[in-house]
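Report on the structure
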Amino acid sequence: MARSKAPSGDGPLFEEAGERPGENPPVAPRPANTRKLGWMPVALVGGLVAAGLWGAWVTKNVLAAGDLPPMAKVQLAGLVGEYVQAQARSATPPEQVTAETRAFMAEIQRNLAARGQAGQIVLVGEAVLAGEVPDITAELRREVYARVKMPQAAAANAGDVMGAMRAAMAMPPTAANVPTGNPLHAPGN
């Protein structure tokens, strides 16, 4: 067996790569992959997280507001007229009527403002010409009268004309108070 002789310094193993034409220089070894994330992927992930949170918030608010219609109407003139008429029938002193009416109107204003803060649009019923808008007058009446007492009618007394009329209307007709004869042939006509 023949032994091969170790190459002296002139062999191809020890030549510089740059000396041989047509060969690429050797590449230096790279360190471990230390690639950094750019701002674009971070921004995309952040945007997706923000959109998901916003979508959850909107869904929660839409589902929670299901019992409150977005638009409603109230018959405000009828509600206020009912209260004023009840005050007129009561035997309340004028100063107290003024204070109670202010409290009633302030409670209506507070209730409607709270509905507006909740995102509900309330239209005055007299201004609604057509459309399918739910009427919340009864609900508003119930909520306002839960905080402000409805005036009670005064007791009928003899000196009060309205009281006398109510008493006469409440009494069943009898033979004593039913007119007889022809009023045109009454004396003095």
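Preceding this paragraph is the structure being described.
These numbers come from a predicted model, not from an experiment.

For the rest of this paragraph, the subject is the packing of aromatic side chains. Enumeration according to the criterion identifies two aromatic pairs in this entry. Ring geometry for Y83 against F104: centres 4.0 Å apart, planes inclined by 5°, an arrangement best described as stacked. Taken together, the residues span a long stretch of sequence, with Y83 in helix α2 (residues 76–89) and F104 in helix α3 (residues 94–117) at a distance of 21 residues. The pair Y83 / F104 is uniform in exposure class, with both members buried. A residue is classified by how much of its surface remains accessible, and F104, at 1% relative accessible area, is buried.

Once that is clear, we can look at the pattern of salt bridges. Note that side chains of opposite charge can pair when their charged atoms are close. All chains considered together, the criterion is met by five salt bridges. E139 is the partner of R115 in a salt bridge, and the nearest nitrogen-oxygen pair spans 3.0 Å. In this pair, R115 sits in helix α3 while E139 sits in helix α4 (residues 137–147), placing the two residues 24 residues apart along the sequence. Judged by its relative accessible area of 7%, R115 falls in the buried class. By relative accessible area, which is 29% here, E139 ends up partly exposed. One salt bridge in this structure joins R115 and E143, with 3.3 Å as the shortest N-O distance. Of this pair, R115 sits in helix α3 while E143 sits in helix α4, placing them 28 residues apart in sequence. According to the relative accessible area criterion, E143 is partly exposed, its value standing at 30%. Taken together, the shared-partner salt bridges in this structure form one network comprising E107, R110 and R147.

Scoring rules and cut-offs
- Every residue gets a number counted from 1 within its own chain, in the order that chain's sequence is written.
- Reporting in this predicted model follows two pLDDT cut-offs: at least 70 for local features of residues, and 80 or more for side-chain atom pairs to be given and counted; totals over whole chains, interfaces and linings ignore these cut-offs and use all residues.
- Side-chain measures were taken over the full set of non-hydrogen atoms in the model, leaving aside hydrogen atoms and water.
- Aromatic pairs are defined between Phe, Tyr and Trp rings, using the six-membered ring for Trp, whenever the two ring centres lie within 6.5 Å; interplanar angles under 30 degrees are classed as stacked, those over 60 as edge-to-face, and all others as tilted.
- Runs of E in the DSSP output that reach at least two residues are strands. Runs of H or I that reach at least four are helices, and both are numbered from the N terminus.
- Type-normalised accessible area, obtained with a 1.4 Å probe on protein chains alone, sets the label of each residue: buried when under 20%, exposed when over 50%, and partly exposed for intermediate values.
- By definition here, a salt bridge exists when the distance from a side-chain nitrogen of Lys or Arg to a carboxyl oxygen of Asp or Glu is within 4 Å.

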